[in-house]
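Fold and geometry: a report
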Amino acid sequence: MKLTGAQILLKCLEEEGVDVMFGFPGGAVIDIYDEIPKSSVEHILVRHEQGAIHAADGYARATGKVGVCLVTSGPGATNTVTGIATAYADSIPVVIFTGQVPRPLIGNDAFQEVDIVGITRPCTKHNYLVQDIEDLAGTIKQAFYLARSGRPGPVLVDLPKDVQNQITEFSYPDKVEMRSYKPTKKPHIGQIRKVVKLLKQAKKPLIYSGGGVITSGSHEELTWLGQKLSIPVTSTLMGLGAFPGDDELFLGMLGMHGTYAANMAVNNCDLLLAVGARFDDRVTGKIDTFAPNATIVHIDVDPTSIQKNVSVHVPLVADCKSALAALKKETKGTLDEYDWASDHGDWVKQVQEWSNTHPLTYKDDDKTIKPQYVVEKIYEITKGDAIIATEVGQNQMWAAQFYKYTKPNTLLTSGGLGTMGYGFPAAMGAQKAFPDKLVIDIAGDGSIQMCIQEMMTVVCNKLPVKIVILNNGYLGMVRQWQELFYEKNYCATCMDAQPDFVKLAEAYGAAGFRVTEKKDVESTLREAFAVDKPVIVDIRVEREENVYPMVPAGASLTEMLLV
Amino acid sequence: MSKHTLSVMVENEPGVLSRVAGLFSGRGFNIYSLNVGPTLEKGVSLMTIVAEGDDSIVEQIVKQLRKLVPTIKVKDLTELSSVEREMVLLKVNAEDSKRAEILRIVDIFRCKVVDVSPDEVTIEITGDQGKINALINLLTRFGIKEIARTGNVALRRSMQLDL
Ligand SMILES: Cc1ncc(C[n+]2csc(CCOP(=O)(O)OP(=O)(O)O)c2C)c(N)n1
């Protein structure tokens, strides 16, 4: 079958099982847009390319599939860079198609030309400039394979306009052959046995679980391991949902805004089993004092993550799912002869005591609305059965602390890059994937203004995303640092000049609610969640509330500022 | 801090050099020298990279290089027995009174004069770092006007027979 490059692209997407892509047209991709109506791939027109890439990313996080976005050359392509870096930092599989000027013009500073392959080299897993129509189908096949295999990540494919118009015989390769790319997947059995031995010896083991557990779909194995071997579990922000957040063994997040119990447990454990986590500085605090008494086992599919930040005693390069499955297999037989629960009994008791004496808490009052109270109410109303996206800042930390994630892929948040403006378009992507689910973006008044234009996209695509703004009139997280470490010099963090969010929602054709009294929080949220269209709920919260516990940057995990 | 010689085999595809170089600059690693050329195998290039850093940095460099999609193989030759060579061109002041002595040095080092003018000679030397540094030290007092270095190329030594 002879097809044009543009037709081939869409055929390839169909072959990959892509049902939706997010994009924004332009001259350099107009030929592709010309073909979209003839294909089975649905296109969602966003209002800014940053929205397209975040939506593709949110779609990927919520479904575990590869997200796809399509944008034009030059400014269209550069507008995606923040979103690409966001997906890269969190290892999210997305494939980005960018238009490019025709090959003869490349390098000549043509209209809307930019070297997007050069620009995105450091923030993609890999990228391609397709120079020859004969390479197109194979490149797309590779792009999807690379995006989802090994440590997943964004892959960009740059498509010159004249390649889109060339014609060739189409055939989609059925496998990918790359002599240079062979991600390690299966764990080394000797290392697995070593870990089992360490687990048996350990009196105070702790699992530290990260986003890799979610990406690899190994939450069941993780949950089994924690519960059957009676090992307390702490999680990174990215790992929330991998282990049931309402389980007694779950300690919540560790690190800068982690729980007292989690941070104390890290400090006291004698075995730390890190799974799909990368020892980010927001997690470790001061490196020299991190897990000082522990033998550290590190399971990760990416060898570069191992020994990067902390020195590890037992490295285990493997896909988390197969490593955890192997651990399960090796320990399953021991359940009868070996009493894990009573062996770890004192430790579990100790950890739970920390949880009980220092739970996540805040000083509630009736005069103002505490943001934590709002998040708790969201949890109560949804009973945990919602997809939560967050923006970045205090809102993100409260959403991580006061909502219990019991299932994987239910928290969409920019962990690695911390991208303000991520949450709303990501929620849009997730809502597209799950039209019947309640999808809520927990937002700050600052962050929500970064991609607010996607209100139009959700309205016209009937994606009933709920935005709950914890409106403190500040860039709250930065203000908190200014308060604590810069003598309250609130330079450039006051955001009390803001649009009327209710009218703004209405202007777009969405619904808007405002809450200024604590007594109205719950009823308004219930009402808003019941509306069958996009909603903004603007909740005026206590302006100078802080996120606690807090480990100041560079301090040890035990040096927590508490409420 | 020590120097490590890394032998990196890569797919010779567009942008591969900037991927490798960008990895170093983006992560704050230090490249001492970098040399690239084709191999016998079609589509495959060999890079010889001399990198500086302590052990943990070099371990990261090696892992990060392996992680690049077009990378086929990375070897740290520092731990293996290897042959390393660099070629250097040196333009040296050589008035009549100094010329004979310079030529004697050239002779002792078994290097070559590749260009001459009334007051300069250009010398080509190939060797390992020790030899090259020794020559540079000796010629410095005449005044080295220009220098061009290729950076190391290296190969692992073959298995030696005990003769
Ligand atoms: C794109 C971007 N710019 C700047 C920052 C730095 N930053 C981190 S948190 C924060 C404040 C966010 O304010 P807001 O969205 O109102 O949330 P709050 O902290 O008040 O909940 C800022 C400015 C960022 N993370 N991302």
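Each chain carries its own residue numbering, running from 1 in the written order of its sequence. Throughout, the order in which chains and ligands are written sets their labels, letters from A for the former and numbers from 1 for the latter. Since the coordinates come from a predicted model, pLDDT governs what is reported: local features require at least 70, and pairs of side-chain atoms require 80 or more to be given and counted, while whole-chain, interface and lining totals use all residues. As a rule here, side-chain values cover all heavy atoms of the structure and leave hydrogens and water aside.

For the record, the criterion: UniProt positions are given in the numbering used here, feature names are shortened, and annotations may be inferred rather than shown by experiment.
The name given to chain B in an unreviewed UniProt entry is Acetolactate synthase small subunit, and the organism recorded there is Pseudodesulfovibrio cashew. The record held by UniProt for chain B lists under Sequence similarities (unreviewed entry) the comment "Belongs to the acetolactate synthase small subunit family." Turning to chain B, the UniProt annotation filed under Catalytic activity (unreviewed entry) states: "2 pyruvate + H(+) = (2S)-2-acetolactate + CO2".

An unreviewed UniProt entry lists chain A under the name Acetolactate synthase, from Pseudodesulfovibrio cashew. The Sequence similarities (unreviewed entry) comment attached to chain A in UniProt states, word for word, "Belongs to the TPP enzyme family." Looking at chain A in UniProt, the text filed under Catalytic activity (unreviewed entry) is "2 pyruvate + H(+) = (2S)-2-acetolactate + CO2".

Some words on the side chain of Gln-431 of chain A
Defined as follows: Helix and strand assignments follow DSSP, with helices taken as H or I runs no shorter than four residues and strands as E runs no shorter than two, numbered in order from the N terminus. Polar contacts here mean pairs of N or O atoms no more than 3.5 Å apart (in protein, one a potential hydrogen donor and the other a potential acceptor; neighbouring residues in sequence count only if both atoms are side-chain atoms).
In this structure, Gln-431 of chain A sits in helix α19 (residues 423–433). Among the polar contacts made by the side chain of Gln-431 of chain A, one reaches the main-chain carbonyl oxygen of Phe-434 of chain A at a distance of 3.1 Å.

Re the domain arrangement of chain B
Residues and elements named next belong to chain B. Where we set the bar: What counts as a domain boundary in this text is fixed by an automatic or database domain assignment. Throughout, a contact is declared for two residues whenever any of their heavy atoms are within 4.5 Å. Note on definitions: buried area is the accessible-area loss of two parts on being combined, 1.4 Å probe, summed for both.
Domain parsing of chain B yields domain 1 (2–80) and domain 2 (83–156). Measuring from the centre of the C-alpha atoms in domain 1 to the corresponding centre in domain 2 gives 28 Å. Tallying the contact residues gives 11 residues for domain 1 and nine residues for domain 2. Roughly 770 Å² of surface becomes buried between domain 1 and domain 2 when both sides are summed, with 54% attributable to carbon and sulfur atoms. Of all residues in domain 1, Asn-35, Thr-48 and Leu-77 give up the largest surface area on contact with domain 2, accounting jointly for 42% of the area buried on that side.

Some points on the pattern of salt bridges
As a reminder, the rule being used: A pairing counts as a salt bridge when a side-chain nitrogen of Lys or Arg comes within 4 Å of a carboxyl oxygen of Asp or Glu.
Inspection of every chain in the model, using the stated rule, returns 38 salt bridges over all chains. The salt bridge partner of Arg-179 of chain A is Glu-41 of chain B, with a shortest N-O separation of 2.8 Å. Taken as a pair, Arg-179 of chain A in the loop between β8 (167–169) and α9 (189–201) and Glu-41 of chain B in the loop between β2 (30–38) and β3 (44–53) lie in two separate chains rather than in one.

Description of the UniProt feature "domain: ACT" (unreviewed entry) in chain B
Those places that UniProt annotates as "domain: ACT" (unreviewed entry) correspond, in this numbering, to residues 5–79 of chain B. Note that residues 5–79 of chain B is 32% helix and 43% strand, and that its end C-alpha atoms are spaced 9 Å apart.

Observations regarding the interface of chain B and chain A
Just so we agree on the cut-off: Put simply, Ala, Val, Leu, Ile, Met, Phe, Trp, Tyr, Cys and Pro go in the nonpolar bin, Asp, Glu, Lys and Arg in the charged bin, and everything else, Gly too, in the polar bin.
Of the residues lining the interface, 19 residues belong to chain B; the matching set on chain A comes to 17 residues. Of the roughly 1500 Å² buried at the junction of chain B and chain A (both faces included), carbon and sulfur atoms supply 45%. At the junction of chain B with chain A, the criterion picks out three salt bridges. Linking chain B to chain A there are 11 residue pairs in polar contact (both at pLDDT 80 or more). Elements supplying a minimum of two residues to the side of chain B that touches chain A: α1 (16–26), α2 (55–67) and β4 (71–76) of chain B. Top element by residues in the side of chain B that touches chain A is α2 of chain B. It accounts for five residues. Taken together, the residues that form the side of chain B that touches chain A break down as four nonpolar, six polar and nine charged.

As for the domain arrangement of chain A
Residue and element names in this part refer to chain A. Entries for chain A in the domain assignment read domain 1 (2–169), domain 2 (189–357) and domain 3 (371–540). Just the C-alpha atoms count here: the centres of domain 2 and domain 3 sit 31 Å apart. Facing the 15 residues of domain 2 at the interface are 17 residues of domain 3. The contact between domain 2 and domain 3 buries some 1300 Å² in all, and 69% of this surface belongs to carbon and sulfur atoms. Its largest share of buried area at the contact with domain 3, domain 2 owes to Leu-237, Leu-240 and His-257, together 39% of the area lost on that side. Our enumeration of links across domain 2 and domain 3 arrives at zero salt bridges. Summed over the shared surface of domain 2 and domain 3, the number is two residue pairs in polar contact (both at pLDDT 80 or more).

A few points about the UniProt feature "domain: Thiamine pyrophosphate enzyme TPP-binding" (unreviewed entry) in chain A
Cross-referencing UniProt, the feature "domain: Thiamine pyrophosphate enzyme TPP-binding" (unreviewed entry) maps to residues 392–539 of chain A in the present numbering. Between the C-alpha atoms that bound residues 392–539 of chain A there is a distance of 17 Å. The span itself is 36% helix and 16% strand.

Structural notes on the packing of helix α12 (residues 260–268) of chain A against helix α16 (residues 345–357) of chain A
Residue and element names in this part refer to chain A. Selection rule: Note on geometry: axes are lines fitted to C-alpha atoms, helical ones only across the stretch in contact, with angles between N-to-C directions running from 0 to 180 degrees. In this scheme, a crossing is called left-handed if the near helix is turned counterclockwise away from the far one by less than a right angle; it is called right-handed if the turn is clockwise.
For the pair α12 and α16, interaxial distance at closest approach is 8 Å and the crossing angle is 145°. Classified by chirality, the crossing of α16 by α12 is right-handed. Of the residues in α16, those touching α12 at Tyr-260, Ala-261, Met-264, Ala-265 and Asn-268 are Trp-347, Val-351, Trp-354 and Ser-355. Tallied by class, residues from the contact of α12 with α16 come to seven nonpolar, two polar and no charged.

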